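Working through the structure, step by step
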Amino acid sequence: MYYAREPGKINHMRYDTLAQMLTLGNIRAGNKMIVMETCAGLVLGAMMERMGGFGSIIQLYSGGGPVRAATTCFGFPKSFLSGLYEFPLNKVDSVLSGTFSAEALSSEPKDSASTEENNGTLEEKQTSEQENGDSMSEAPESNHPEEQETIENVSQDPDYKKPKERGSKKDYIQEKQKRQEEQRKRHLEAAALLSERNADGLIIASRFHPTPLLLSLLDFVAPSRPFVAYCQYKEPLLECYTKLRERGGVINLRLSETWLRNYQVLPDRSHPKLLMSGGGGYLLSGFTVAMDNLKTEPNLKSNISTLELQKTEEPAAKKRKCPEPDC
(Lines give C-alpha, C1' and ligand atoms only; values in the text may rest on other atoms or scores of the structure.)
Protein backbone atom coordinates (compact mmCIF):
# COMPACT_ATOMS: atom_id res chain seq x y z
CA MET A 1 0.00 0.00 0.00
CA TYR A 2 2.81 2.41 0.85
CA TYR A 3 4.69 1.61 -2.35
CA ALA A 4 1.59 2.08 -4.51
CA ARG A 5 0.33 5.30 -2.94
CA GLU A 6 3.16 7.06 -1.08
CA PRO A 7 6.52 5.47 -1.96
CA GLY A 8 8.42 8.53 -0.71
CA LYS A 9 7.56 7.67 2.90
CA ILE A 10 9.36 4.33 2.62
CA ASN A 11 12.28 5.62 0.52
CA HIS A 12 10.82 3.97 -2.63
CA MET A 13 11.45 0.49 -1.22
CA ARG A 14 9.69 -2.22 -3.18
CA TYR A 15 8.14 -5.24 -1.49
CA ASP A 16 10.54 -7.72 -3.11
CA THR A 17 13.47 -5.60 -1.89
CA LEU A 18 12.06 -5.77 1.63
CA ALA A 19 11.83 -9.56 1.34
CA GLN A 20 15.46 -9.71 0.18
CA MET A 21 16.51 -7.60 3.19
CA LEU A 22 14.83 -9.97 5.62
CA THR A 23 16.43 -12.98 3.92
CA LEU A 24 19.96 -11.56 3.64
CA GLY A 25 19.80 -10.26 7.22
CA ASN A 26 18.85 -13.73 8.54
CA ILE A 27 15.92 -12.36 10.53
CA ARG A 28 14.55 -15.13 12.72
CA ALA A 29 13.21 -15.75 16.21
CA GLY A 30 15.64 -15.35 19.08
CA ASN A 31 18.00 -12.90 17.35
CA LYS A 32 19.29 -9.64 18.75
CA MET A 33 19.01 -7.17 15.89
CA ILE A 34 19.94 -3.52 15.38
CA VAL A 35 17.79 -1.42 13.05
CA MET A 36 18.24 2.07 11.71
CA GLU A 37 15.38 2.94 9.37
CA THR A 38 13.38 5.96 8.24
CA CYS A 39 10.64 4.05 6.40
CA ALA A 40 7.81 4.97 8.80
CA GLY A 41 8.43 1.77 10.77
CA LEU A 42 7.76 -0.58 7.85
CA VAL A 43 11.09 -2.42 8.09
CA LEU A 44 10.76 -2.61 11.87
CA GLY A 45 7.27 -4.12 11.60
CA ALA A 46 8.44 -6.67 9.04
CA MET A 47 11.28 -7.73 11.35
CA MET A 48 8.96 -8.01 14.34
CA GLU A 49 6.57 -10.17 12.32
CA ARG A 50 9.41 -12.44 11.18
CA MET A 51 10.79 -12.81 14.74
CA GLY A 52 7.38 -13.56 16.23
CA GLY A 53 7.93 -11.81 19.55
CA PHE A 54 11.10 -13.77 20.43
CA GLY A 55 14.42 -11.97 20.71
CA SER A 56 15.21 -8.27 20.94
CA ILE A 57 15.31 -5.39 18.46
CA ILE A 58 17.17 -2.13 19.12
CA GLN A 59 15.87 0.69 16.95
CA LEU A 60 18.12 3.69 16.49
CA TYR A 61 16.35 6.93 15.69
CA SER A 62 17.21 10.53 14.92
CA GLY A 63 15.30 13.49 16.30
CA GLY A 64 12.84 13.52 19.17
CA GLY A 65 11.64 9.93 18.86
CA PRO A 66 11.16 6.95 16.55
CA VAL A 67 8.48 7.02 13.85
CA ARG A 68 6.32 3.89 13.93
CA ALA A 69 3.28 4.78 11.86
CA ALA A 70 3.47 1.61 9.76
CA THR A 71 4.39 -0.57 12.75
CA THR A 72 1.11 0.19 14.49
CA CYS A 73 -0.80 -1.01 11.40
CA PHE A 74 0.49 -4.55 11.97
CA GLY A 75 -1.58 -4.88 15.16
CA PHE A 76 1.07 -6.63 17.24
CA PRO A 77 0.16 -7.74 20.78
CA LYS A 78 1.88 -6.26 23.82
CA SER A 79 4.16 -9.27 24.13
CA PHE A 80 5.85 -8.27 20.87
CA LEU A 81 6.69 -4.82 22.25
CA SER A 82 8.52 -6.17 25.32
CA GLY A 83 11.63 -6.94 23.26
CA LEU A 84 11.60 -3.65 21.36
CA TYR A 85 14.06 -0.97 22.49
CA GLU A 86 14.87 2.46 21.10
CA PHE A 87 18.05 4.47 21.43
CA PRO A 88 18.97 7.95 20.09
CA LEU A 89 21.46 7.98 17.26
CA ASN A 90 23.35 11.01 18.60
CA LYS A 91 24.48 9.02 21.67
CA VAL A 92 25.93 6.04 19.83
CA ASP A 93 29.43 7.55 19.85
CA SER A 94 29.34 7.84 23.64
CA VAL A 95 28.47 4.14 23.91
CA LEU A 96 31.33 3.26 21.56
CA SER A 97 33.83 5.35 23.50
CA GLY A 98 32.55 4.10 26.88
CA THR A 99 31.59 7.56 28.17
CA PHE A 100 27.83 6.95 28.16
CA SER A 101 26.18 7.47 31.55
CA ALA A 102 22.66 7.64 32.95
CA GLU A 103 23.18 11.25 34.07
CA ALA A 104 23.04 12.49 30.48
CA LEU A 105 19.62 10.90 30.02
CA SER A 106 18.21 11.83 33.44
CA SER A 107 19.21 15.50 33.40
CA GLU A 108 17.48 16.62 30.21
CA PRO A 109 13.88 15.49 30.85
CA LYS A 110 13.90 16.68 34.45
CA ASP A 111 14.96 20.14 33.38
CA SER A 112 12.22 20.28 30.79
CA ALA A 113 9.61 19.15 33.31
CA SER A 114 10.70 21.75 35.86
CA THR A 115 10.57 24.48 33.23
CA GLU A 116 7.07 23.40 32.30
CA GLU A 117 5.99 23.62 35.95
CA ASN A 118 7.54 27.06 36.31
CA ASN A 119 5.92 28.24 33.10
CA GLY A 120 2.56 26.94 34.27
CA THR A 121 2.75 28.75 37.60
CA LEU A 122 3.90 31.95 35.94
CA GLU A 123 1.01 31.82 33.47
CA GLU A 124 -1.46 31.30 36.30
CA LYS A 125 0.00 34.24 38.24
CA GLN A 126 -0.11 36.46 35.18
CA THR A 127 -3.73 35.59 34.44
CA SER A 128 -4.77 36.16 38.06
CA GLU A 129 -2.96 39.52 38.14
CA GLN A 130 -4.62 40.57 34.90
CA GLU A 131 -8.05 39.59 36.20
CA ASN A 132 -7.47 41.46 39.48
CA GLY A 133 -6.28 44.53 37.58
CA ASP A 134 -9.35 44.45 35.33
CA SER A 135 -11.69 44.15 38.29
CA MET A 136 -9.94 46.99 40.13
CA SER A 137 -10.07 49.21 37.05
CA GLU A 138 -13.76 48.52 36.52
CA ALA A 139 -14.74 49.05 40.18
CA PRO A 140 -14.29 52.90 40.40
CA GLU A 141 -16.25 53.44 37.20
CA SER A 142 -19.32 51.64 38.55
CA ASN A 143 -21.24 53.70 41.12
CA HIS A 144 -24.34 51.50 41.42
CA PRO A 145 -24.36 48.49 43.78
CA GLU A 146 -26.04 46.23 41.18
CA GLU A 147 -23.16 46.67 38.76
CA GLN A 148 -20.66 45.93 41.55
CA GLU A 149 -22.44 42.67 42.35
CA THR A 150 -22.37 41.54 38.71
CA ILE A 151 -18.64 42.36 38.46
CA GLU A 152 -17.97 40.36 41.63
CA ASN A 153 -19.89 37.37 40.27
CA VAL A 154 -17.99 37.44 36.98
CA SER A 155 -14.65 37.73 38.77
CA GLN A 156 -15.53 34.82 41.06
CA ASP A 157 -16.34 32.37 38.26
CA PRO A 158 -12.71 31.92 37.06
CA ASP A 159 -11.60 31.45 40.67
CA TYR A 160 -13.72 28.32 40.93
CA LYS A 161 -12.23 26.95 37.69
CA LYS A 162 -8.64 27.57 38.72
CA PRO A 163 -8.23 24.54 41.04
CA LYS A 164 -9.51 22.22 38.28
CA GLU A 165 -7.09 23.70 35.75
CA ARG A 166 -4.21 23.42 38.20
CA GLY A 167 -5.10 19.81 38.96
CA SER A 168 -5.28 18.88 35.30
CA LYS A 169 -1.91 20.52 34.59
CA LYS A 170 -0.32 18.72 37.54
CA ASP A 171 -1.72 15.38 36.38
CA TYR A 172 -0.42 16.01 32.88
CA ILE A 173 3.04 16.87 34.21
CA GLN A 174 3.09 13.78 36.42
CA GLU A 175 2.08 11.53 33.54
CA LYS A 176 4.75 13.08 31.37
CA GLN A 177 7.37 12.52 34.07
CA LYS A 178 6.34 8.86 34.35
CA ARG A 179 6.70 8.44 30.60
CA GLN A 180 10.11 10.09 30.67
CA GLU A 181 11.27 7.79 33.48
CA GLU A 182 10.11 4.74 31.56
CA GLN A 183 11.85 6.04 28.45
CA ARG A 184 15.06 6.55 30.44
CA LYS A 185 14.91 2.97 31.71
CA ARG A 186 14.43 1.64 28.20
CA HIS A 187 17.32 3.77 26.94
CA LEU A 188 19.58 2.39 29.67
CA GLU A 189 18.55 -1.17 28.81
CA ALA A 190 19.23 -0.51 25.13
CA ALA A 191 22.64 0.98 25.96
CA ALA A 192 23.48 -2.10 28.02
CA LEU A 193 22.52 -4.36 25.10
CA LEU A 194 24.60 -2.30 22.68
CA SER A 195 27.63 -2.26 24.96
CA GLU A 196 27.74 -6.07 24.86
CA ARG A 197 28.64 -5.80 21.14
CA ASN A 198 27.19 -9.20 20.26
CA ALA A 199 24.29 -8.32 17.97
CA ASP A 200 23.20 -10.98 15.50
CA GLY A 201 22.64 -8.60 12.61
CA LEU A 202 22.34 -5.04 11.37
CA ILE A 203 19.70 -3.57 9.07
CA ILE A 204 19.99 -0.02 7.69
CA ALA A 205 17.29 1.54 5.50
CA SER A 206 17.34 5.29 5.98
CA ARG A 207 17.47 8.48 3.98
CA PHE A 208 20.89 9.30 5.47
CA HIS A 209 24.18 8.36 3.87
CA PRO A 210 24.91 4.70 4.70
CA THR A 211 28.70 4.99 5.01
CA PRO A 212 29.01 6.67 8.46
CA LEU A 213 26.13 4.60 9.79
CA LEU A 214 27.67 1.29 8.76
CA LEU A 215 31.20 2.16 9.86
CA SER A 216 30.02 3.10 13.35
CA LEU A 217 27.30 0.49 13.91
CA LEU A 218 29.31 -2.52 12.70
CA ASP A 219 31.29 -2.36 15.94
CA PHE A 220 28.18 -3.54 17.81
CA VAL A 221 27.78 -6.65 15.63
CA ALA A 222 29.38 -9.94 16.58
CA PRO A 223 31.72 -11.72 14.11
CA SER A 224 30.23 -13.99 11.44
CA ARG A 225 26.94 -12.08 11.39
CA PRO A 226 25.13 -10.57 8.39
CA PHE A 227 24.44 -6.90 7.70
CA VAL A 228 22.30 -5.26 5.04
CA ALA A 229 22.15 -1.61 3.95
CA TYR A 230 19.44 -0.28 1.66
CA CYS A 231 19.55 2.87 -0.45
CA GLN A 232 17.42 4.15 -3.27
CA TYR A 233 20.52 5.08 -5.29
CA LYS A 234 23.60 3.08 -6.21
CA GLU A 235 26.33 5.71 -5.75
CA PRO A 236 26.19 5.98 -1.91
CA LEU A 237 26.42 2.20 -1.62
CA LEU A 238 29.40 2.12 -4.00
CA GLU A 239 31.21 4.57 -1.75
CA CYS A 240 30.24 2.50 1.26
CA TYR A 241 31.54 -0.62 -0.52
CA THR A 242 34.99 0.90 -1.07
CA LYS A 243 35.18 2.23 2.50
CA LEU A 244 34.34 -1.19 3.92
CA ARG A 245 37.01 -2.85 1.75
CA GLU A 246 39.58 -0.36 3.03
CA ARG A 247 38.45 -0.81 6.64
CA GLY A 248 38.39 -4.59 6.61
CA GLY A 249 36.53 -6.83 9.01
CA VAL A 250 33.90 -7.80 6.41
CA ILE A 251 33.68 -10.52 3.76
CA ASN A 252 31.32 -11.53 0.96
CA LEU A 253 30.39 -7.94 0.13
CA ARG A 254 27.74 -7.82 -2.55
CA LEU A 255 25.86 -4.94 -4.12
CA SER A 256 22.64 -6.16 -5.70
CA GLU A 257 19.43 -4.91 -7.28
CA THR A 258 16.25 -6.95 -7.46
CA TRP A 259 14.45 -7.21 -10.79
CA LEU A 260 10.67 -7.50 -10.74
CA ARG A 261 8.29 -8.05 -13.61
CA ASN A 262 4.61 -8.89 -13.41
CA TYR A 263 3.04 -11.59 -15.54
CA GLN A 264 -0.47 -11.89 -16.84
CA VAL A 265 -1.72 -15.45 -16.31
CA LEU A 266 -4.84 -16.24 -18.36
CA PRO A 267 -5.86 -19.25 -20.51
CA ASP A 268 -3.97 -19.18 -23.82
CA ARG A 269 -2.73 -15.61 -23.27
CA SER A 270 -0.19 -15.68 -20.44
CA HIS A 271 2.66 -13.28 -21.06
CA PRO A 272 4.82 -10.77 -19.17
CA LYS A 273 3.33 -7.33 -18.92
CA LEU A 274 4.86 -4.57 -20.98
CA LEU A 275 5.05 -2.11 -18.10
CA MET A 276 7.25 -2.93 -15.12
CA SER A 277 8.82 -1.23 -12.14
CA GLY A 278 11.84 0.89 -12.98
CA GLY A 279 13.71 0.15 -9.76
CA GLY A 280 13.14 -0.84 -6.18
CA GLY A 281 16.43 0.27 -4.66
CA TYR A 282 19.84 -1.31 -4.05
CA LEU A 283 21.15 -3.57 -1.29
CA LEU A 284 24.66 -3.86 0.10
CA SER A 285 25.09 -7.06 2.09
CA GLY A 286 27.94 -8.91 3.72
CA PHE A 287 29.25 -10.69 6.80
CA THR A 288 31.40 -9.47 9.66
CA VAL A 289 34.65 -11.17 10.66
CA ALA A 290 37.06 -10.66 13.53
CA MET A 291 39.59 -7.89 12.94
CA ASP A 292 43.35 -8.50 13.14
CA ASN A 293 45.28 -7.05 16.07
CA LEU A 294 48.36 -6.22 14.02
CA LYS A 295 48.01 -2.51 14.67
CA THR A 296 48.65 -2.97 18.38
CA GLU A 297 51.63 -5.33 17.92
CA PRO A 298 54.30 -3.74 15.69
CA ASN A 299 56.73 -6.68 16.09
CA LEU A 300 54.29 -9.08 14.45
CA LYS A 301 53.65 -6.58 11.70
CA SER A 302 57.38 -6.25 10.91
CA ASN A 303 57.85 -10.04 10.89
CA ILE A 304 54.93 -10.52 8.51
CA SER A 305 56.25 -7.80 6.21
CA THR A 306 59.66 -9.54 5.98
CA LEU A 307 57.96 -12.85 5.22
CA GLU A 308 55.97 -11.23 2.43
CA LEU A 309 59.15 -9.80 0.92
CA GLN A 310 60.78 -13.21 0.99
CA LYS A 311 57.79 -14.75 -0.75
CA THR A 312 57.81 -12.19 -3.52
CA GLU A 313 61.51 -12.65 -4.29
CA GLU A 314 62.30 -15.77 -6.31
CA PRO A 315 65.19 -17.94 -5.19
CA ALA A 316 68.43 -17.75 -7.16
CA ALA A 317 68.14 -21.29 -8.51
CA LYS A 318 64.82 -20.63 -10.19
CA LYS A 319 65.95 -17.52 -12.04
CA ARG A 320 66.12 -18.05 -15.75
CA LYS A 321 69.48 -17.40 -17.36
CA CYS A 322 69.48 -15.49 -20.58
CA PRO A 323 71.25 -17.43 -23.29
CA GLU A 324 74.47 -15.81 -24.44
CA PRO A 325 74.55 -14.89 -28.13
CA ASP A 326 76.77 -17.05 -30.26
CA CYS A 327 79.68 -15.25 -31.84
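Definitions and limits used
Residues numbered from 1 in each chain as written. Predicted model: local features only at pLDDT ≥ 70, side-chain atom pairs only at ≥ 80, totals over all residues. Heavy atoms only, no water. Core = buried A, V, L, I, M, F, W, Y, C linked by side-chain atoms within 4.5 Å. Buried < 20%, exposed > 50% of the residue type's maximum accessible area, 1.4 Å probe, protein only. Contact = heavy atoms within 4.5 Å. Axes fitted to C-alpha atoms, helices over the stretch in contact; angles between N-to-C directions. Helix = DSSP H or I, 4+ residues; strand = E, 2+ residues; numbered from the N terminus. Parallel < 35°, antiparallel > 145°, perpendicular 65-115°, else oblique. Left-handed = near helix turned anticlockwise from the far one by under 90°. Nonpolar A, V, L, I, M, F, W, Y, C, P; charged D, E, K, R; others polar. pLDDT = per-residue confidence, 0-100. Phe/Tyr/Trp six-rings, centres within 6.5 Å; stacked < 30°, edge-to-face > 60°. Pairing = 2+ DSSP bridges.

What follows covers the nonpolar core. Within the largest apolar cluster, 31 residues are counted, with the highest numbers of intra-cluster contacts made by Leu60, Leu202, Leu214 and Leu244. Contacts of Leu244, omitting those with residues within four sequence positions, involve Leu214, Leu215, Leu218, Phe227, Val250, Leu253 and Leu284. Among the nonpolar cores identified, the runner-up in size contains 26 residues, and Met13, Met51, Ala70 and Leu84 belong to it.

Attention now moves to the packing of helix α2 (residues 15–24) against helix α3 (residues 42–51). At a minimum axis separation of 11 Å, α2 and α3 run at an interaxial angle of 50 degrees. Accordingly, the angle class assigned to the pair α2 and α3 is oblique. In this structure, α2 meets α3 at a crossing whose hand is right-handed. Packed against α2, whose contacting residues are Leu18, Met21 and Leu22, the element α3 presents Leu42, Val43, Ala46, Met47 and Arg50 at the interface. Residue classes in the contact of α2 with α3 are distributed as seven nonpolar, no polar and one charged.

The pLDDT averaged across the protein chain works out to 78; a share of 69% of its residues lies at or above 70. Summarising per-element confidence for the protein chain, the mean pLDDT is lowest in helix α7 (residues 102–141) (48) and highest in strand β5 (residues 226–231) (96). Between residues 109–127, whose pLDDT stays under 50, and residues either more than four places distant or in other chains, the model counts 13 contacts. Contacts from residues 158–164, a stretch scored under 50 in pLDDT, to residues over four places away or in other chains number three contacts.

So, on to the packing of aromatic side chains. Per the counting criterion, the structure on display carries four aromatic pairs. Relative to Tyr15, the ring of Tyr3 lies with its centre 6.4 Å away and its plane at 85 degrees, an arrangement referred to as edge-to-face. Remark: Tyr15 occurs in helix α2 and Tyr3 occurs in helix α1 (residues 2–5); sequence separation between them is 12 residues. The class for Tyr3 is partly exposed, based on a relative accessible area of 27%.

Attention shifts here to α2. The complete set of buried residues in α2 reads Asp16, Thr17, Leu18, Met21 and Leu22. Summarising the contacts, the buried residues of α2 are in contact with α3, β4 (201–205), β5 and β9 (282–288). Asn26, located one to two residues past α2, shows a positive phi value of around 55 degrees.

Moving on, we come to helix α9 (residues 210–217). Extensive coverage of α9 is indicated by the burial of six of its eight residues. Inspection of α9 places Pro210, Thr211, Leu213, Leu214, Ser216 and Leu217 among the buried residues, and these make up the whole buried set.

Burial within β4 is extensive, with five of its five residues counted as buried. Along β4, one buried face is formed by Gly201, Ile203 and Ala205 and the opposite face, lined by Leu202 and Ile204, is buried too. The pairing of strand β1 (residues 32–37) with β4 spans five bridges and is parallel. Considered in β4, the bridge of Glu37 is made with Ala205. Examined bridge by bridge, β4 and β5 share four bridges and lie parallel to one another. Looking across to β5, one finds that Leu202 is bridged to Phe227.

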